Amino acid sequence: MLVPDHIELIADEVAIKWKDGTENYYPMPFLRAASRSAEQTGERDLLGKLHGGSGQQDFPGIRVVRWTPVGGYAIQFTFSDGHNTGLYTYAYLKELAEALGQE
């Protein structure tokens with residue numbers, strides 16, 4: 001089962017050691033840009049029209065200031081700009097690690 005064993009902030013990265021023994025390192029600005037929240041990506045109305053979403057992809061100097069486990073499936077990060085509405089499922093975090101070239 002994909003579950004974090006330990007989470008730590010190291011310099012400008014979030015380090016996650018998974019229970020299967022693998023480790024992944026996520027640059028904090030990358031995590032902020034990867035948020036799937038409506039604030040970041042927008043949301044569709046009943047007719048499919050996209051509303052809102054900043055679409056911003058560059059967050060220089062952004063920091064993770066805390067994280068909260070959500071159920072047994074996700075992490076909610078709070079960033080130094082106040083953003084905290086995105087949920088990062090464990091599966092999504094592994095997808096992000098692959099996008100960073102990590103196994």
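Whatever comes next refers back to the structure up there.
Residues numbered from 1 in each chain as written. Predicted model: local features only at pLDDT ≥ 70, side-chain atom pairs only at ≥ 80, totals over all residues. Heavy atoms only, no water.

J.: Hey, could you run me through the packing of aromatic side chains in this one?
T.: Given two aromatic rings, one states the distance between the centres and the angle between the planes to describe the pair. Considering all chains together, one arrives at four aromatic pairs under this definition. With a centroid separation of 5.1 Å and 70 degrees between ring planes, the pair formed by Phe77 and Tyr88 is classed as edge-to-face. Linking Phe77 in strand S7 (residues 74-79) with Tyr88 in strand S8 (residues 87-89), this pair joins segments that are eleven residues apart in sequence. In this structure, Phe77 and Tyr88 share a single accessibility class: buried. The structure contains a cluster of three or more aromatic residues connected by ring pairs, namely Phe77, Phe79, Tyr88 and Tyr92. (Phe/Tyr/Trp six-rings, centres within 6.5 Å; stacked < 30°, edge-to-face > 60°. Helix = DSSP H or I, 4+ residues; strand = E, 2+ residues; numbered from the N terminus. Buried < 20%, exposed > 50% of the residue type's maximum accessible area, 1.4 Å probe, protein only.)

J.: Explain the environment of Ala34 to me, please; I cannot follow it from the model alone.
T.: Structurally, Ala34 is set in the loop between helix H1 (28-33) and helix H2 (38-41). Residue class for Ala34 comes out buried when judged on its relative accessible area of 11%. Beyond its immediate stretch of four places on either side in the chain, Ala34 contacts Tyr88, Tyr92 and Leu96. (Contact = heavy atoms within 4.5 Å.)

J.: Would you mind showing me how to read the sheet that holds strand S2 (residues 13-18) here?
T.: Read across the open sheet, the three strands follow the order S1-S2-S3; overall the sheet is antiparallel. Edge positions in the sheet fall to strand S1 (4-10) and strand S3 (23-27), since each has one partner strand and no second. Between one strand axis and the next, the sheet turns through 20 degrees on average, direction left out of account. Here S2 pairs with S3 via five bridges, running antiparallel. Bridged to Ile16 within S3 is Asn24. With respect to the sheet, helix H3 (residues 90-99) is in contact with S1, S2 and S3, its orientation differing from that of S3 by roughly 80 degrees. (Pairing = 2+ DSSP bridges. Axes fitted to C-alpha atoms, helices over the stretch in contact; angles between N-to-C directions.)

J.: Honestly, the environment of Thr78 in this entry has me stumped. Any pointers?
T.: Residue position: Thr78 is located in strand S7. Residue class for Thr78 comes out buried when judged on its relative accessible area of 10%. For the pair Thr78 and Val65, spaced 13 residues apart in sequence, the C-alpha separation works out to 5.8 Å. Not counting the four nearest positions on each side in its chain, Thr78 is found in contact with Arg63, Val64, Val65, Arg66, His83 and Asn84.

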